[in-house]
Amino acid sequence: MRPDSRNATWRAPTPFLFRLLRRNVPIVVFLVLATAGMLITYWYFSPVEGNVEAVAAAGVGADPLALTAPIVKNREQLPVTQRLAQSPGPLRIGLIAGHKDNDSGAVCSDGLTEAQVTSNIAEQVAGRLRAAGVPTEILAEFDPRLQGYSATALVSIHADSCDYINDLATGFKISGSSLTDSSRLSICVEEAYRLSTQLPYHPNSITPHMWDYHAFREIGRGTPAIIIEVGFLNLDREVLTAKADLPITGLVSGILCFLGKEQ
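The structure presented is a predicted model; accordingly, all values stated were derived computationally and were not measured. (Residues numbered from 1 in each chain as written. Predicted model: local features only at pLDDT ≥ 70, side-chain atom pairs only at ≥ 80, totals over all residues. Heavy atoms only, no water.)

Some remarks on the state of the cysteines
Heads up, the rule is: For this text, the term disulfide refers to a pair of cysteine sulfurs within 2.5 Å. Here a strand is any run of E in DSSP of at least two residues, a helix any run of H or I of at least four, and the numbering for each starts at the N terminus. A 1.4 Å probe rolled over the protein chains alone gives each residue an accessible area, and that area as a share of the maximum for its type sets the label: buried under 20%, exposed over 50%, partly exposed in between.
In this structure the tally under the stated criterion is two disulfides. The side chain of Cys108 participates in a disulfide bridge whose partner is Cys162; the two sulfur atoms lie 1.9 Å from each other. In this structure the cystine formed by Cys108 and Cys162 twists about its S-S bond by roughly 110 degrees; its chirality is therefore right-handed. With Cys108 in the loop between β1 (93-97) and α4 (114-131) and Cys162 in the loop between β3 (153-160) and β4 (173-176), this pair connects stretches of sequence that are 54 residues apart. Taken individually, Cys108 and Cys162 each receive the classification buried, so the pair is uniform in this respect. Covalent S-S linkage joins Cys188 and Cys257, the inter-sulfur distance amounting to 2.1 Å. Negative torsions about the S-S bond denote left-handed disulfides, and the value of about -50 degrees found for Cys188 with Cys257 makes this one left-handed. Here Cys188 is found in helix α5 (residues 183-197), whereas its partner Cys257 is found in helix α9 (residues 245-258), with 69 residues between them in sequence. A single burial state applies to Cys188 and to Cys257, both of which are buried. Here the disulfide map of the protein reads 1-2, 3-4, the bonded cysteines being numbered as they appear in the sequence.

Below you can see the structure in the form of structure tokens.
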């Protein structure tokens, strides 16, 4: 038997969205109130149109109670400093006594050798530098310590031939390492040595053995280095022996000049 459709109550299906809202009424109320609160806060704290332009246009002659400070203030930049200062390497001067512990070098007819002259000068230069508070060590010509040697500066002391060449074979000469900037060391020593000894500078006789000196290729990069021929053992012999204080003073003064400790 079919049911009487006239007596049945028909209900339309409830939309899904309504069912979802009805089940989550507390969440919906919270979202509505939160949104309303944010809108009210934004409206309350927003400046009235035209106020910003009025403040920016206010000048020095305006009301002294008015806001006249610039919106953007210039501030002096603070210097950028390292947290830990880099300390310089330990102060040390290396002196090579030419031909020491290797051979005699140039030999004069009476037996005077280049090695004797350079050793004497190097010892006294080292003594004076140490007395001035500069740690100094003497190295042999082919000293094993030269491999990777690191120092504030390296000076190799040599002397020129004992043979008579001509009347122009007198004076000193200097060659600096081309592998490390040694110009300041070279200039200081050249000027101080010339002033002390009154010997002429003799650049025309600089040989490949000087500008390509073996120690330049052995020491560590970054160590300024020069080789100096302190004079000719023939015409400059008196200066290098009886008046050795003159070349010694010149070398000491030149090194101290390089260190910024002029006497």
